[in-house]
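Examining the three-dimensional arrangement
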Amino acid sequence: MKYGLIKRKVLEHLNRATLGGEAISPAYNGQRDDLSRIPGAMNEAVMCVCSLVKPRNHHYYLEGGEAVGDKVKHPLPEDFRALKGCGVWEVDENGDTTRTAHEWWMLEDRAILTPKGRYLIDYYRYPRLLPEDPEDDYEYDEEADTVYAATFYAAAKLALPEDEFVYNVLMHSYEKFLDNMMLPPWCGVGSVWDAYQFSGGGLL
């Protein structure tokens, strides 16, 4: 979505996009100050949505890395937030994946330590944030429902401190969007390696 459209939507929520059918000049009645606050407010809302309401998951192949004894240390992606569930899959020579039964370790310096081999991680990522002063043709690639919900939050922030009533109305709209965006419970089913090497299907 183009930033110019995002900006216009925020101002439309406040009835500040046009005057007499014409786009309001940034020089009009503090409009420039409002425009400068939109990216930061949008980022606050998008971070909230993507961290707490509708997490973004992504796949990443662990390739290369640094040998550490009989293990390999892989740096994590820059947008890594947390593993999704088990999150570590072993990739065989055919490209098929299986939840690994091998030990792996998360390290403090944003890295993961695995046995030698090829692995893939399934992880939640941080959202991509708007720059401080984006151009109107800047392409923002977050999902449309997240961006649209965030426009209500940004408009609410702009309404303060002059109009608390408008602030409350817009925040109510924002929170309704969050309720509708909550993902339903789900479960994953798949095969795993026999980590305990049971024989005969029983315990001794």
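What you see is a predicted model; the values in this text were computed from it and never measured. (Residues numbered from 1 in each chain as written. Predicted model: local features only at pLDDT ≥ 70, side-chain atom pairs only at ≥ 80, totals over all residues. Heavy atoms only, no water.)

**Let's talk about the packing of helix α1 (residues 3–13) against helix α3 (residues 144–159)**
- Following both chains from N to C, one finds α1 and α3 inclined at 50°, their axes separated by 8 Å at the closest point. In terms of axis orientation, α1 runs oblique to α3. Pair α1 / α3 crosses with right-handed handedness. Where α1 abuts α3, its residues Ile6, Lys9, Val10 and His13 lie against Val147, Tyr148, Thr151, Phe152, Ala154, Ala155 and Leu158.
- Its residues assigned to classes, the contact of α1 with α3 comprises eight nonpolar, two polar and one charged. (Axes fitted to C-alpha atoms, helices over the stretch in contact; angles between N-to-C directions. Helix = DSSP H or I, 4+ residues; strand = E, 2+ residues; numbered from the N terminus. Parallel < 35°, antiparallel > 145°, perpendicular 65-115°, else oblique. Left-handed = near helix turned anticlockwise from the far one by under 90°. Contact = heavy atoms within 4.5 Å. Nonpolar A, V, L, I, M, F, W, Y, C, P; charged D, E, K, R; others polar.)

**Things to note about the packing of α3 against helix α4 (residues 164–181)**
- Interaxial distance between α3 and α4 falls to 8 Å at its minimum, and their mutual angle equals 160°. The orientation of α3 relative to α4 falls into the category roughly antiparallel. Relative to α4, the crossing made by α3 is left-handed. Packed against α3, whose contacting residues are Asp145, Thr146, Tyr148, Ala149, Phe152, Tyr153, Ala155, Ala156, Lys157 and Ala159, the element α4 presents Val166, Tyr167, Leu170, Met171, Ser173, Tyr174, Phe177 and Met181 at the interface.
- In the contact of α3 with α4, the residues fall into 14 nonpolar, two polar and two charged.

**Considerations on the side chain of His74**
- Among the secondary structure elements, His74 is positioned in strand β5 (residues 71–75).
- By relative accessible area, His74 is classed as buried at 3%.
- For His74, the residues in contact, after removing those within four places along its chain, are Leu62, Glu63, Gly64, Gly65, Ala111, Ile112 and Thr114. (Buried < 20%, exposed > 50% of the residue type's maximum accessible area, 1.4 Å probe, protein only.)

**Some thoughts on the pairing of β5**
- As defined by bridge partners, strand β4 (residues 66–68) adjoins β5 across three bridges and the pair is classed as antiparallel. Note on β5: the bridge partner recorded for Ala67 is Val72.
- In this antiparallel pair of consecutive strands, β4 and β5, the connection spans two residues, and Gly69 shows a positive phi of 65°. (Pairing = 2+ DSSP bridges.)

**Topic: the side chain of Arg56**
- Take Arg56: it is sitting in strand β3 (residues 56–62).
- From its side chain, Arg56 meets the backbone oxygen of Lys54 in a polar contact 2.7 Å long.
- Side chain to side chain, Arg56 and Thr146 meet in a polar contact 2.4 Å long. (Polar contact = N/O pair within 3.5 Å; in protein donor to acceptor, adjacent residues only side chain to side chain.)

**Re unusual backbone geometry**
- A positive phi angle, near 55°, is found at Arg110, a position not held by glycine.
- Judged by relative accessible area, which is 40%, Arg110 ranks as partly exposed.

**Quick look at the packing of aromatic side chains**
- This structure, assessed with the given rule, holds five aromatic pairs.
- Their ring planes at 35° and their centres at 5.5 Å tell us that Phe80 and Tyr123 sit as a pair that is tilted. Of this pair, Phe80 sits in strand β6 (residues 80–91) while Tyr123 sits in strand β10 (residues 119–125); the two residues are 43 residues apart in sequence, bridging distant segments of the chain.
- Residue Tyr123 is classed as buried on the basis of its relative accessible area, which comes to 1%.
- Ring geometry for Tyr148 against Phe177: centres 5.3 Å apart, planes inclined by 70°, an arrangement best described as edge-to-face. Of the two residues, Tyr148 sits in helix α3 while Phe177 sits in helix α4, which places them 29 residues apart along the sequence. (Phe/Tyr/Trp six-rings, centres within 6.5 Å; stacked < 30°, edge-to-face > 60°.)

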